[in-house]
Structures are given as structure tokens and as C-alpha cells.
Amino acid sequence: MEPTALERAAAVTAETRARIETLKAERDAVILAHYYVEPEVQAVADYVGDSFYLAKLAKSLPQQTIVLCGVEFMGESAKLLNRDKTVLMPEPAADCPMAHMVQRATIDKAREEYGDDLAVVCYVNSTMEIKSWSDVCVTSSNAVKIVRELPQHHILFIPDRNLGRHVAEQVPEKHVILNDGCCPRHEAISLAELRELKVGHPNALVLAHPECVAAVLDEADYIGSTAGIISFAEQSDAQEFIIVTVRGVLYELERRCAGQGKRFYVTSTPPTCSDMDGITLEKLLHCLEFGTGAVEIGVDGASAKRAQLTLDRMLEYAAR
Ligand code: 13P
Ligand code: SF4
């Protein structure tokens, strides 16, 4: 039988853990990991969280080196918010395909049409360049709140059409214009397989990430970020949950709900993110040892400054 996420994490040896502690001390480093990465990596990280938590936290840490176990936009955001620090990524090739799914022409056209009454709202799953074209950044944990509070009536939401549609439904007073991007991993989760799981587990609550397609979200009892899904399951009185997002969240779910007898089911299309899967314990050790995978912000300082502003605005709005 396949080991559970908790068993995999427990298998990390004391020797490996000690080696990581030594390397961290030598480099004055702190390890941040997203809930989607392998359980072994989450188990040795100092902090694990969703995209918003990681971006916000990176700004408040005293260490000189941030090791970001996640995909490129996460490392880039950490660097944009902490220009004087070294940000290392164990697997610099880990990229989020959705982060590239918008054309500049889409933004120019909307700005031309709606002028000052348009806000370009950019999901944090986006490149630095795309952030630099935008007015404010959001994550899945604060998109609804921020869009609701923006003074503009017209909102161009990029790049994710699924999160954008979810926001539009929650904030009907705004005119939300969608862009045709999506997460290929969440899009692959079909309504048919969700329904099949529901038939097998009729008492289970469905907890879904807003990157899923509308038909799947329509069946959800709770829609939220990875952190939201985990907290919901932990606090719920229910015993069974169908988790509709990348299965990396199972480690934190199992860890937080240990001893509660709760059961978690995932769809039969294995909802994995091959980019997140590329971040292994071996690569983390290598990166800590040799200082590889440093995130560099390109020579175009103006773009970086504008991209940083969109992230700063997100942090300001989220704190209100
Ligand atoms: P969260 O912000 O919910 O962690 O989501 C990040 C992500 O990439 C979802 O696919
Ligand atoms: Fe990007 Fe989807 Fe992977 Fe999240 S799960 S990092 S949105 S490809």
C-alpha cells in the first residue's frame, strides 16, 4: 500500500534534518514551502502555507536568505518584496503554466475601453511582467475582499478565468471581465468524477479550490484557498471530505486532523501539479548546500518596481 503523506514525512531521517539545520545556520536561511510540495519537503520547512501567507510572511522574516519551495511566481514575489535578500529556489524550473496566460493586448484593450474606471486585478499566479501591467495583485484567499473594496467599477481579472468567475459571482455589483487563462491541473478535474466520488461518499463535504471549473465549484460546500480548505476541514464537525485541489494539501490535512478520525478523498484524475512535484528533498539539500537557484530580478528596474507596487497594494488591501 502507498504510504500516507504523514508516513512519508515521518520517514525523513534525523540525520537529514540535522544536516538541514546546519546548512540553514551557515547561510542564515529560512525555509518556506507551499502546501502542494512533497510531504518530505513540507516536513522540514520552517513555515508552510498558501500563496498569500508565504508572500506576507517573507516580508517579516529576519533571515538573510529565503529558500522558497514553490513555483517561480512564489520565489519572484518573495524577491520583489525583499529586494535586499537572497531568495533561493530548490527547483528554478518549477513554473506555473497559468502564470503566463495573458496577452498585453488584452489589458491595453480594456484600459482603452474603460479608462480610469477600470482596475486590472492580477492573480498572484502571474509573471513579474504581467504584475507590472496590473493595478493590484490578489490571491485566492483575498480576491473577493479586494475586488469588493476597489473603487473602480470595471475589473479586468487576469489570468485565471475560473477564479475570476468565482469573484464575479461573489461581487455582483462589479463588472468583471474575464481572461482566458486557467490552471491545467484544476481544469482536468471533471464534474463526472466528482459526482462519482459523491455517490461513493454521500456524507462527505466537498471542499474545492476556486481554480476549478464552474460546474465543479457549483457542487462545492466550501470554496477557498489551500489554507482555507485545510482550516475548514480541521474545524468542521463533519467526518468525511472530498478534497478538490492538488493532493499535496493531504499532508497538512492529515497532520492537523490527526486523531480526529476524519477521512479525505481525492478525485481519480490524480490532482497533482508536476511543477510542484519537482521540488524534492534532495534538491532542497543541494540548494542549501551550494546556494543554487537564486531568483534574479531582470535589468528592467521599472517593471520590477511596478510589479512590487501591485504586491504592496495587495498587502495593504488585505490588511484593511
Ligand atoms: P493557494 O494560494 O490557495 O495556495 O493556491 C496556489 C495555487 O497555485 C493553486 O493552484
Ligand atoms: Fe499553477 Fe495549477 Fe500548479 Fe497551482 S496547481 S501552481 S495554478 S499549475
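Here is a short report on the structure shown in this document. (Residues numbered from 1 in each chain as written. Chains lettered and ligands numbered in written order. Predicted model: local features only at pLDDT ≥ 70, side-chain atom pairs only at ≥ 80, totals over all residues. Heavy atoms only, no water.)

**Topic: the overall build of the protein chain**
The secondary structure content of the protein chain amounts to 17 helices and 12 strands. By the compact-globule yardstick of 20 Å for 320 residues, the protein chain fits well, its C-alpha radius of gyration being 20 Å. Seen along its three principal axes, the alpha-carbon backbone of the protein chain occupies a region of about 60 × 50 × 30 Å. Burial statistics for the protein chain: of 320 residues in total, 57% are counted as buried. As displayed, the protein chain offers around 13,500 Å² of accessible surface, 50% of which is attributable to carbon and sulfur atoms. Charge separation in the protein chain, taken as the distance between the mean sites of 32 positive and 47 negative side-chain charges, equals 4 Å. (Helix = DSSP H or I, 4+ residues; strand = E, 2+ residues; numbered from the N terminus. Rg over C-alpha atoms; globule rule 2.2 N^0.38 Å. Buried < 20%, exposed > 50% of the residue type's maximum accessible area, 1.4 Å probe, protein only. Areas by Shrake-Rupley, 256 points an atom, 1.4 Å probe, with all protein chains shown as cover. Lys, Arg positive; Asp, Glu negative; His and termini not counted. Charge placed at Lys NZ, Arg CZ, Asp CG, Glu CD.)

**Focus on the packing of helix 5 (residues 72-81) against helix 17 (residues 301-319)**
Relative orientation of the contacting elements helix 5 and helix 17 amounts to 90 degrees, with a least axis distance of 9 Å. In terms of orientation, helix 5 and helix 17 fall into the roughly perpendicular class. Facing Ser-77, Leu-80 and Leu-81 of helix 5, the residues of helix 17 in contact are Ala-304, Ala-307, Gln-308, Leu-311, Asp-312 and Leu-315. Here the contact of helix 5 with helix 17 is composed, by residue class, of 6 nonpolar, 2 polar and 1 charged. (Axes fitted to C-alpha atoms, helices over the stretch in contact; angles between N-to-C directions. Parallel < 35°, antiparallel > 145°, perpendicular 65-115°, else oblique. Contact = heavy atoms within 4.5 Å. Nonpolar A, V, L, I, M, F, W, Y, C, P; charged D, E, K, R; others polar.)

**Describing unusual backbone geometry**
Backbone torsion omega between Ile-158 and Pro-159 reads -15 degrees, so that peptide bond is classified as cis. With respect to the helices, strands and loops of the structure, Pro-159 is situated in the loop between strand 7 (154-158) and helix 9 (161-170). Here Asp-28, not a glycine, exhibits a phi torsion of approximately 50 degrees, which is positive. Mapped onto the fold, Asp-28 is located in the loop between helix 2 (14-27) and strand 1 (29-34). For Asp-28, a relative accessible area of 37% translates into the label partly exposed.

**Concerning the pairing of strand 12 (residues 263-266)**
Residues in a regular strand project their side chains so that they alternate between the two faces of the sheet. With 4 bridges joining them, strand 11 (residues 240-244) and strand 12 adopt parallel strand pairing. Paired with Ile-243 across the bridge in strand 12 is Val-266. Remark: the strand 11/helix 14 (residues 249-256)/strand 12 crossover connection has right-handed handedness. (Pairing = 2+ DSSP bridges. Right-handed = clockwise from strand over helix to strand, strands pointing away.)

**A few points about the packing of helix 2 against helix 16 (residues 281-290)**
In contact at an axis separation of 9 Å, helix 2 and helix 16 are set at 30 degrees when each is read in the N-to-C sense. Seen along the crossing, helix 2 lies across helix 16 with a hand that is left-handed. Across the interface between the two elements, Thr-16, Arg-19, Ile-20, Leu-23, Lys-24 and Arg-27 from helix 2 touch Leu-281, Leu-285, Cys-287, Leu-288, Glu-289 and Phe-290 from helix 16. Residue composition of the contact of helix 2 with helix 16, by class: 7 nonpolar, 1 polar and 4 charged. (Left-handed = near helix turned anticlockwise from the far one by under 90°.)

**Overview of helix 16**
Among all positions in helix 16, only Leu-281, Leu-284, Cys-287 and Leu-288 are buried. End-on, the buried residues of helix 16 take up no more than an arc of 125 degrees, which puts them together on one face. Across from the buried face of helix 16, at angles greater than 90 degrees, the exposed residues are Glu-282 and Phe-290. The inward-facing, buried residues of helix 16 abut helix 2, strand 1, helix 3 (39-44), strand 3 (65-69) and strand 4 (86-88). (Arc of directions from axis to C-beta.)

**Focus on the pairing of strand 11**
The buried fraction of strand 11 amounts to 5 of the 5 residues, a majority that puts the element mostly inside the structure. Along strand 11, one buried face is formed by Glu-240, Ile-242 and Val-244 and the opposite face, lined by Phe-241 and Ile-243, is buried too. Sheet analysis places strand 9 (residues 205-208) next to strand 11, joined by 4 bridges and oriented parallel. Counterpart to Val-206 in the pairing with strand 11 is Ile-242.

**Here's the deal with the site of ligand 1**
Around ligand 1, the neighbouring residues are His-34, Tyr-36, Asp-50, Ser-51, Asn-125, Ser-140, His-186, His-209, Glu-211, Ser-225 and Thr-226. The side chain of Ser-51 places a nitrogen or oxygen atom 2.8 Å from an oxygen atom of ligand 1. In this structure, Asn-125 approaches ligand 1 through a side-chain N or O atom, which is 3.2 Å from an oxygen atom. A total of 300 Å² of accessible area belongs to ligand 1 in isolation, and the protein chains cover 96% of it. In terms of residue class, the shell around ligand 1 is made up of 1 nonpolar, 8 polar and 2 charged. (Near = heavy atom within 4 Å. Polar contact = N/O pair within 3.5 Å; in protein donor to acceptor, adjacent residues only side chain to side chain.)

**Focus on the packing of aromatic side chains**
Across all of its chains, the model carries 2 aromatic pairs by this definition. An angle of 25 degrees between the planes, with centres 5.6 Å apart, marks the rings of Phe-241 and Phe-264 as stacked. Residue Phe-241 is located in strand 11, and its partner Phe-264 is located in strand 12; the two are separated by 23 residues in the primary sequence. The exposure classification of Phe-241 matches that of Phe-264, with both residues buried. Here the guanidinium or amino end of Arg-320 rests over the ring plane of Tyr-317, the centre of that ring lying 4.1 Å away. (Phe/Tyr/Trp six-rings, centres within 6.5 Å; stacked < 30°, edge-to-face > 60°. Lys NZ or Arg CZ within 6 Å of the ring centre and 35° of its normal.)

**A short note on helix 4 (residues 51-58)**
Taken across its 8 residues, helix 4 has 6 buried, putting it largely inside the fold. Listed in full, the buried residues belonging to helix 4 are Ser-51, Phe-52, Leu-54, Ala-55, Leu-57 and Ala-58. The inward-facing, buried residues of helix 4 abut strand 1, strand 2 (47-49), strand 3, helix 5 and helix 17.

No statement about biological role is implied by the geometric values presented.
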